[in-house]
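# A look at the structure
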Amino acid sequence: MIEDKSPQRTSLENLGEFGLIKHLTKNFELNQDSSVVGIGDDAAVLDFKGKKTIVTTDMLVEGVHFDLSYMPLKHLGYKSVIVNLSDIYAMNAKATQITVSIAVSNRFPLEALEEFYEGVAMACQMYKVDLVGGDTTSSTKGMLVSITALGIAEENEIVYRSGTKPNDLLVVTGDLGGAYLGLQVLEREKEVFKVNPNNQPDLEPYSYVVERQLKPEARRDIVEILEKLEVRPTAMIDISDGLSSEILHLCEQSGVGCNLFEDKIPLDPTVISAAEEFKMDSTMIALSGGEDYELLMTIDQADFPKIKGNPNLTVIGHMATKEEGVHLITRGDTKIPLSAQGWNSFTS
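## Points about the overall build of the chain
Secondary structure assignment for the chain yields 10 helices and 13 strands. Here the chain holds 348 residues, and the buried ones make up 49% of them. For the chain, restricting intrachain contacts to residue pairs at least 6 apart in sequence, the fraction spanning at least 24 positions comes to 86%. Entry remark: accessible area of the chain is about 17200 Å², with carbon and sulfur atoms responsible for 50%.

Quick look at the structure:
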């Protein structure tokens, strides 16, 4: 990310905590009927009129989850919201509100936080959710972002990780592996920039995978598609830590096994070509890469005719008994035990 070397800088201490919150959120409007009172009081007031409330929260730490040398703050604001909304949609629910809390060191001027909140606002507008609260504080370690998302659903609409059974079909949305390869491209260009700061990276050939990393999208549309198809998944989870990890989560929570077919895993052509360039195996990237924020679900075989041919949904395997275990069936028809090798924030 090439930045203006002499941008305007307004010190945060000139505003104070409450002045800063008021300034950053002054243009946010409430659009959800369930948002009674938003920012400005001791707490938000929400009215869901008897529906079940879904709550999820996530924290992003500079140097662990994002690198501001190539992650624009506007993209970070957008992505920070998306990763939380994805969890709401993974419950087959409607996202309605978010709260945003940030901690920043004194190297961040007001203008930097304005850029971050522009990304938050864009996500709110795109996904029709309300910003109803949050917090700001100081940090000695850079930037930390914590977002809580809320959603609603009727009790009979909610889908958990624990409902799948043997012979259910394993289904995934979209394609996998792009976000991880986008990260590899950005990390490579960062190293090139360190050696030659005058070098301008050409990211055009990698635009798809870079966008999958910097500006992912949550699959709100899938909740709507499933409703129209009259399909209720038996279990569902979002793919944040890699396909293999998420499959194992479903199997553990439901007490079942699984057979995943390598030749059924959806890969974009740019993912395959980029994987070859980096001398990586595209299947391993899909299994372990993470941050795709697609949805992984299981459905009853009786619902297969309803999803057959839908371009948003791909059947990649089927569930089995717990005794059979969890396996990858390779293109060569070899059965390999599936292990979790995805993202783990506590490993270096």
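## Comments concerning the confidence of the model for the chain
In this model, the chain carries a mean pLDDT of 89, and residues with pLDDT of at least 70 account for 89%. Below pLDDT 50 for its whole length, residues 343-348 participates in five contacts with residues either more than four positions away or in separate chains.

## Comments concerning the environment of Arg 232
Counting through the fold element by element, Arg 232 comes out in the loop between helix H6 (220-229) and strand E8 (235-238). The partly exposed category is assigned to Arg 232, whose relative accessible area is 41%. In the structure, Arg 232 is positioned 68 residues away from Asp 300 in sequence and 8.7 Å away in space, judged by C-alpha atoms. Not counting the four nearest positions on each side in its chain, Arg 232 is found in contact with Asn 156, Glu 157, Ile 158 and Val 159. A polar contact is formed between the side chain of Arg 232 and the backbone oxygen of Asn 156, at a distance of 2.8 Å. Within polar-contact distance, the side chain of Arg 232 engages the backbone oxygen of Ile 158 at 2.5 Å.

## Details of the sheet that holds strand E4 (residues 94-104)
Taken together, four strands build an open sheet; the order of strands is E3-E6-E4-E5 and the sheet is mixed. The open sheet has two free edges, formed respectively by strand E3 (52-61) and strand E5 (130-138), since each of these has just one partner strand. Across the sheet, the mean angle separating the axes of adjacent strands is 15 degrees when strand polarity is ignored. As defined by bridge partners, E4 adjoins E5 across eight bridges and the pair is classed as parallel. Within E5, the residue paired with Ile 102 across the bridge is Thr 136. The sheet contacts of helix H3 (residues 110-127) involve E4, E5 and strand E6 (144-153), and relative to E4 the element is tilted by about 170 degrees.

## Let's talk about the packing of helix H2 (residues 73-89) against H3
For any two helices packed against each other, one specifies the inter-axial angle together with the distance between the axes. Interhelical geometry of H2 versus H3 gives an angle of 35 degrees and a closest axis separation of 6 Å. Considering only the axes of H2 and H3, their crossing is right-handed. Where H2 abuts H3, its residues Leu 73, Lys 74, Leu 76, Gly 77, Tyr 78, Ser 80, Val 81, Ile 82, Leu 85 and Tyr 89 lie against Ala 112, Glu 115, Phe 116, Glu 118, Gly 119, Val 120, Met 122, Ala 123, Met 126 and Tyr 127. In the contact of H2 with H3, the residues fall into 14 nonpolar, three polar and three charged.

## Details of the sheet that holds strand E9 (residues 257-261)
An order of E8-E10-E7-E11-E9-E12-E13 is seen for the seven strands of this open sheet, with the pairing classed as mixed. Edge positions in the sheet fall to E8 and strand E13 (335-337), since each of these pairs with one other strand and no more. Going from strand to strand, the sheet's axes swing by 25 degrees on average, the running direction of each strand aside. Of the strands in this sheet, strand E7 (169-173), E8, E9, strand E10 (295-299), strand E11 (313-320) and strand E12 (326-329) are in contact with helix H7 (residues 243-254), which crosses E8 at around 145 degrees.

## Points about the state of the cysteines
Applying the stated criterion across every chain, the model contains zero disulfides. Counting only cysteine sulfurs, Cys 258 is the nearest neighbor of Cys 251, a cysteine outside any disulfide, at a range of 5.0 Å. Owing to a relative accessible area of 6%, Cys 251 belongs among the buried residues under this scheme.

## A short note on the pairing of E4
Residues in a regular strand point their side chains to alternate faces of the sheet. Within E4, eight of the 11 residues are buried, leaving the element largely enclosed by the surrounding structure. Two strands pair when backbone bridges link them, and E4 and E6 are joined in this way by nine bridges, in the antiparallel orientation. Looking across to E6, one finds that Thr 99 is bridged to Thr 148. Handedness of the crossover joining E4 and E5 through H3 is recorded here as right-handed.

## Details of the packing of helix H4 (residues 178-195) against helix H8 (residues 269-277)
Contact geometry of H4 with H8 gives a least axis separation of 10 Å together with a crossing angle of 45 degrees. Between H4 and H8, the crossing angle belongs to the class labelled oblique. Considering only the axes of H4 and H8, their crossing is left-handed. Here H4 contributes Gly 178, Leu 181 and Arg 188 to the contact with H8, which in turn contributes Val 271, Ala 274, Ala 275 and Glu 277. Among the residues making up the contact of H4 with H8, the classes are represented as four nonpolar, one polar and two charged.

## Observations regarding a negative patch on the surface
A surface patch of like charges, here negative, comprises Glu 154, Glu 157, Glu 224 and Glu 227. Relative to the elements of secondary structure, Glu 157 occurs in the loop between E6 and E7.

Reading guide: rules and limits
Residues numbered from 1 in each chain as written. Predicted model: local features only at pLDDT ≥ 70, side-chain atom pairs only at ≥ 80, totals over all residues. Heavy atoms only, no water. Helix = DSSP H or I, 4+ residues; strand = E, 2+ residues; numbered from the N terminus. Buried < 20%, exposed > 50% of the residue type's maximum accessible area, 1.4 Å probe, protein only. Contact = heavy atoms within 4.5 Å. Areas by Shrake-Rupley, 256 points an atom, 1.4 Å probe, with all protein chains shown as cover. pLDDT = per-residue confidence, 0-100. Polar contact = N/O pair within 3.5 Å; in protein donor to acceptor, adjacent residues only side chain to side chain. Pairing = 2+ DSSP bridges. Axes fitted to C-alpha atoms, helices over the stretch in contact; angles between N-to-C directions. Left-handed = near helix turned anticlockwise from the far one by under 90°. Nonpolar A, V, L, I, M, F, W, Y, C, P; charged D, E, K, R; others polar. Disulfide = S-S within 2.5 Å. Right-handed = clockwise from strand over helix to strand, strands pointing away. Parallel < 35°, antiparallel > 145°, perpendicular 65-115°, else oblique. Patch = residues over 30% accessible without salt bridge, like charges linked within 9 Å, V, L, I, M, F, W, Y side chains within 5 Å. Salt bridge = Lys/Arg side-chain N within 4 Å of Asp/Glu carboxyl O. Lys, Arg positive; Asp, Glu negative; His and termini not counted. Charge placed at Lys NZ, Arg CZ, Asp CG, Glu CD.

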